[in-house]
Amino acid sequence: MKNIFHPLVENPYRKKDIDAAVKVLKTNKITIGPITNKFENIFRKKLKTNFSLMVNSGSSANLLALQCLINPYRKQRLKRGDEVLIPSLCWSTSLWPIIQSGLIPKFVDVDVNTLNINIEDLKKKVSKKTKAILIVHVLGNCTDMNELMKIKKRNKLILIEDTCESLGTKFKNKYLGSFGEFSTFSFYSSHQISSGEGGMLCCQNNEDYEIIKSLRSHGWSRGLKNETKIAKNNRQLDKRFIFYNSGFNLRPTDVSASIGLSQFRDLNKFMKIRTANRQMIINEIKKNFIVNNNLFITKENNFVKASWFGIPIILSKKISRENFIKGIEKNGVQTRPIISGNFLKQPSIKKYKLNKNLKLKNSDYINDHGLFIGLPTKLMTKINVKKLVKVFEKNI
Ligand SMILES: Cc1ncc(COP(=O)(O)O)c(C=O)c1O
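What counts, and at which threshold
Residues numbered from 1 in each chain as written. Predicted model: local features only at pLDDT ≥ 70, side-chain atom pairs only at ≥ 80, totals over all residues. Heavy atoms only, no water. Core = buried A, V, L, I, M, F, W, Y, C linked by side-chain atoms within 4.5 Å. Buried < 20%, exposed > 50% of the residue type's maximum accessible area, 1.4 Å probe, protein only. Helix = DSSP H or I, 4+ residues; strand = E, 2+ residues; numbered from the N terminus. Domains from an automatic or database assignment. Contact = heavy atoms within 4.5 Å. Buried area = accessible area lost by both parts, 1.4 Å probe. Salt bridge = Lys/Arg side-chain N within 4 Å of Asp/Glu carboxyl O. Polar contact = N/O pair within 3.5 Å; in protein donor to acceptor, adjacent residues only side chain to side chain. Nonpolar A, V, L, I, M, F, W, Y, C, P; charged D, E, K, R; others polar. Near = heavy atom within 4 Å. Areas by Shrake-Rupley, 256 points an atom, 1.4 Å probe, with all protein chains shown as cover. Phe/Tyr/Trp six-rings, centres within 6.5 Å; stacked < 30°, edge-to-face > 60°. Lys NZ or Arg CZ within 6 Å of the ring centre and 35° of its normal.

**Describing the nonpolar core**
The biggest cluster of nonpolar side chains holds 49 residues, and the ones touching the most others in it are Leu95, Leu134, Val138, Ile160, Phe182, Ile212 and Ile338. Tallying contributions element by element places helix H3 (residues 58–69) first for this core, with 7 residues. Residues lining this core come from more than one domain, with at least three contributed by each of domain 1 (15–264) and domain 2 (267–394). With residues up to four places along the chain from it excluded, the contact list for Ile212 reads Leu53, Leu64, Cys68, Phe182, Leu201 and Cys203. One finds Phe171, Val304, Ala306 and Val391 within the second-largest nonpolar core, a separate group that totals 44 residues.

See the structure below:
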């Protein structure tokens, strides 16, 4: 590859993010602590969710949401074999926690225009065995949340919103991640904000919050609301070391929380610049007949104010995706598939015998004709915008 002039990810860390991390390092208290707590509270208030817990990745947030759903302390828990609907355009760890929790994923197709779950296919796939929907808000866009919430209500389904790619997006003035019983976020370095590695899990009720808090930290009773009561009921044990639940260790550090919080404070600023860059690219494409007729940039769905971190592109059928990608990468534009394409095509699916000859044509179409490029948080120069569109033209 020549010099990369349009990377997928720039270095997301600014001086103030690093300074915040160094300040924590100097306290010698690097593990989970007051900064994590502060970040969780500020996050929860902004998104208007009832509870937020920071974890060490978006994948961990998904795992904990699913594990909470089957936990014996949950009054209305899911049982082994219950079905969870999921779009086939998803990330690996959107899917695997369903299977790891003894539940059955049922794959739903997506829309080519929005990249998000297809409401009509969703309606068809709901059965008596369906107990939950795990939707993935793809790359800052989302499905028609009004329709989705109607299906959820009508069928009494639990909703998990994998919002790992869509922090900051609003549907009808309400943040994604505030619709479902659970929502998950990722602060991996390529996303809307970054904490290095990190994630957030939001939930709406206290029962789930207490379960997740314990699962996140070894199953410990430490920090739970009824910690004292648990200790009283277990007098034979050292009250500081009581394991009340099953558990993992998926805690973040205060170092990553400090970076995440520093970036979260500037989420709106990042969104503004990214939106401006996206608009400049779209305007330039519109001026170019060849590019405009062969390369389709995913638009915001109705009622959506999107927080993009990349530009999803669907190529016209006559262009070879492979050649196009090879060409533009050679000219300094980094690319990647939209999430991971149709996840049903992955070898892990075959190994676990999860695809019973299901054909999902829109997911296949996005797999075969889709890609995405980065969207910087610094304002692009006009020269680079023109150069990008010229590179597209050259490779059509
Ligand atoms: C939709 C989706 N869910 C979950 C994840 C996992 O997040 P993390 O990388 O923080 O584990 C990703 C990662 O990119 C993702 O795109």
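**Observations concerning the domain arrangement of the protein**
On domain assignment, one finds that the protein holds domain 1 (15–264) and domain 2 (267–394). A straight line from the C-alpha centre of domain 1 to that of domain 2 covers 27 Å. Contacts between the two partners involve 43 residues from domain 1 and, on the opposite side, 39 residues from domain 2. Between domain 1 and domain 2, the buried area comes to about 3400 Å², and carbon and sulfur atoms account for 66% of it. Its largest share of buried area at the contact with domain 2, domain 1 owes to Trp96, Val112 and Leu139, together 18% of the area lost on that side. In this assembly, domain 1 and domain 2 are joined by 0 salt bridges. Scanning the region where domain 1 abuts domain 2 turns up 19 residue pairs in polar contact (both at pLDDT 80 or more). Put simply, the parts of the chain that give the side of domain 1 that touches domain 2 at least two residues each are helix H4 (92–100), strand S3 (104–108), helix H5 (119–125), strand S6 (170–171) and helix H9 (254–264). Taken together, the residues of the side of domain 1 that touches domain 2 break down into 20 nonpolar, 14 polar and 9 charged.

**A word on the site of the ligand**
In the region of the ligand, 15 residues are neighbours, and Gly58, Ser59, Asp162, Glu165 and Ser186 sit closest. In the environment of the ligand, an oxygen atom lies 3.2 Å from a nitrogen or oxygen atom belonging to the side chain of His191. Relative to its free-state accessible area of 390 Å², the ligand is covered by the protein chains to the extent of 92%. Secondary-structure elements contributing two or more residues to the shell around the ligand are H3 and H4. Ranked by residues supplied to the shell around the ligand, first place goes to H3 with 3 residues. For the shell around the ligand, the residue count by class is 4 nonpolar, 9 polar and 2 charged.

**With respect to the packing of aromatic side chains**
Summed over the entire model, instances satisfying the criterion amount to 15 aromatic pairs. Through a chain of ring-to-ring contacts, three or more aromatic side chains come together here, namely Phe39, Phe43, Phe185, Phe187 and Phe264. Lying over the aromatic face of Phe179, Lys174 brings its terminal NZ or CZ to 4.9 Å of the ring centre. Lying across the ring of Phe241, Arg222 places its NZ or CZ 5.1 Å from the centre.

**Describing helix H14 (residues 361–369)**
Every buried residue belonging to H14 is among Asn362, Ser363, Asp364, Ile366 and His369, and all of these are buried. Check the buried side of H14 and you find it contacts strand S12 (310–315), helix H12 (321–330) and strand S13 (370–374).

**Observations regarding the environment of Phe343**
The topology assignment puts Phe343 in the loop between H12 and helix H13 (347–351). Spatially, the C-alpha atoms of Phe343 and Ile373 are 20 Å apart, while their sequence positions differ by 30 residues. Setting aside anything within four residues of it in sequence, one finds Phe343 in contact with Ser88, Cys90, Trp91, Ser92, Leu95, Trp96, Ser348 and Ile349.

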